[in-house]
Every structure is written in C-alpha cells, then in structure tokens.
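# Report on the structure
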Amino acid sequence: MLNFVTGPIARVSGASVSRRLSTRRRMADYSLYYFPTPNGKKISMMLEELGQTYDLKWIHIGKNMQFSDEFVKVNPNSKIPAIVDHTTDDMAVFESGAILEYLAEKHDTKLAGGNDLKQRYNVKEWLYWQMAGFGPMLGQNNFFHLYSKVDDPIGKERYMKESLRLFGVLDKQLSENKYICGDELTIADIACYWWSYSPALSDEIKDKFEGFENVKRWQDLISTRDSVAKVNAIEMPSFD
C-alpha cells in the first residue's frame, strides 16, 4: 500500500506555511491530494480563500503515485487534484472544476456567482471554458515546446495558434471587467489564474504572450491576494 507523503495542515491559527507543523495536530477539514500543477494550485488557493484547514497529501505524478490503488479509490481517473471532505462523511470529489464548484456551494456561493441566475451561469461558462480549452490547449502547447522528445512543427503551430487565440478571448473579456465575471473574484478567476502563467515556463514561447495587457493587469491584481502568497509558499517535501 502506498504511503502518501503528508504535508502540514494549512490555515491553522493564521500560521505561515513554514510554521504549520505542530506536535499536536488536529484533524483538518479537508485532505487535498496535490502536486503543484496549475490544477493543484487552483484548489489550494480556493481552500485558502475560504479559510478552510486542509492536509496536503502529496501525489508525485513524476513517480506515478497517481496510479496507486489507494489513490484510485479517491479518484478513479488517476489525476490530481482530488479532495476528501472530512466534515461530510469523508466525501471524495475529483476534477478541479467540480471541486471548485463544490467548495463554493458549500462555503461561499458568491464565488460561484451568488443567487443571480445570469451571474451563476456566467461564472460556469468561464469555468468550463478553462476546463475545456484554456487549460488543455496551454498544456499541449507546453508539451510540444518543452517536453516532447520529437520536434513536431505541426504540433507546435497548432497549439501555439490556439493558445494565442484563447489568450485573446480572455484579454477581451478582461478589457470589460475587473475580474473575469465582473467586479469580484470568482472560481472562474481561480481556475484561469494559474494556467495563465504556463507559457512562461518555456523560454521559446513566453515572449509571444506578453502583449496581452488586460491579462497582465488581472494577473497583477490577483497576485496580491494572501491566498496566492500562501500557495506560492508551499514547499515540496522530499520523496526519497
């Protein structure tokens, strides 16, 4: 049986990440099965925004920990992130978009658009836009420019073109709104924020994405949030 590498409980008495370990640990509200990908960071940011305590269960995807029998019981699709809600009969939820909706519905419906039907579906539209396009296309773009062992000009061109198109869609939306869906942060912003930095991983392509001024303004705005600082402060444990 796999022994997960377990991180410290987050959001305990406002302590910083480096001070979250304690000799007397209490049960966290959630377990977050985590690796520091954009999808993983979405959920740690959301839990920080909500002030919920969570225990990090590290799943090193480079070591194939996601395929263990133990983790498959939490997520049959063998992908991070996933959560277990210890306040609701250890209910497991997987898929980052579903997790964001679950947490918003349970703890702060304003993050999902509140009581207004039009606003709720505006948030859903942009959340699903990220899940269906923005994340997958940027992920493929990074694969062909960073990780592929074969130089594939067709793959590079295809996913670069679509990634730039999607950045243009987001930039236009942000030219008309402070946040993606209006004047307040929502789960649509949390979903898109971490992915919006993914082109910067590749020196080959990052300069092509620097002209989207509205995206940059929005990134700068969100980057000042305490939740982002706390996510960025999470340190990966040793997997020796």
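Coordinates for the structure precede this section.
Everything quoted here is computed from the prediction, not taken from an experiment. (Residues numbered from 1 in each chain as written. Predicted model: local features only at pLDDT ≥ 70, side-chain atom pairs only at ≥ 80, totals over all residues. Heavy atoms only, no water.)

### Examining the overall build of the protein chain
If you tally the helices and strands in the protein chain, you get 8 helices and 5 strands. If you list the helices and strands of the protein chain from N to C, you get β-β-α-β-α-β-β-α-α-α-α-α-α. Long-range pairs, those at least 24 residues apart, make up 70% of the contacts in the protein chain with a sequence separation of at least 6. Counting every atom, the protein chain has about 12500 Å² of accessible surface; 50% of that belongs to carbon and sulfur. (Helix = DSSP H or I, 4+ residues; strand = E, 2+ residues; numbered from the N terminus. Contact = heavy atoms within 4.5 Å. Areas by Shrake-Rupley, 256 points an atom, 1.4 Å probe, with all protein chains shown as cover.)

### Brief notes about helix H4 (residues 117-147)
Helical periodicity: at 3.6 residues per turn, an α-helix aligns residues three or four positions apart in one direction. Given a rise of 1.5 Å per residue, 31 residues ought to cover 45 Å, and the 42 Å separating the end C-alpha atoms of H4 matches this to within 8%. At Gln130, H4 shows its strongest bend, of approximately 45 degrees. For H4, the N-terminal cap is Asp116; the gap from its side-chain oxygen to the backbone nitrogen of Lys118 is 3.3 Å. (Expected span 1.5 Å × (residues − 1). Bend = angle between axes of the 7 residues up to and from the residue. Polar contact = N/O pair within 3.5 Å; in protein donor to acceptor, adjacent residues only side chain to side chain.)

### Remarks on unusual backbone geometry
Leaving glycine aside, a negative phi is the common case for residues, and trans is the common case for peptide bonds. With an omega dihedral of 5 degrees, the bond running from Ile80 to Pro81 counts as a cis peptide bond. Within the secondary structure, Pro81 is located in the loop between helix H2 (69-74) and strand S4 (82-85). Positive phi outside glycine occurs at Glu95, with the angle close to 75 degrees. Mapped onto the elements of the fold, Glu95 is located in the loop between strand S5 (91-94) and helix H3 (96-107). Note on Glu95: relative accessible area 36%, which makes it partly exposed. (Buried < 20%, exposed > 50% of the residue type's maximum accessible area, 1.4 Å probe, protein only.)

### Describing the packing of H3 against H4
Where H3 contacts H4, the two axes come as close as 10 Å, and the packing angle between them is 155 degrees. In terms of orientation, H3 lies roughly antiparallel with respect to H4. Residues Ser96, Gly97, Leu100 and Glu101 of H3 lie in contact with H4, whose contacting residues are Lys124, Leu127, Tyr128 and Met131. Here the contact of H3 with H4 is built from residues that sort into 4 nonpolar, 2 polar and 2 charged. (Axes fitted to C-alpha atoms, helices over the stretch in contact; angles between N-to-C directions. Parallel < 35°, antiparallel > 145°, perpendicular 65-115°, else oblique. Nonpolar A, V, L, I, M, F, W, Y, C, P; charged D, E, K, R; others polar.)

### Some details on the pairing of S4
Burial along S4 is two-sided: Ala82 and Val84 facing one way and Ile83 and Asp85 facing the other are all buried. Where strand S2 (residues 30-34) and S4 come together, 4 bridges link them in antiparallel fashion. Within S4, the residue paired with Tyr30 across the bridge is Asp85. Bridge count for S4 against S5 is 4 bridges, and the pairing is antiparallel. The partner of Val84 across the bridge, within S5, is Ala92. Between S4 and the antiparallel strand that follows it, S5, lie 5 residues; Asp89 among them carries a positive phi value of about 55 degrees. (Pairing = 2+ DSSP bridges.)

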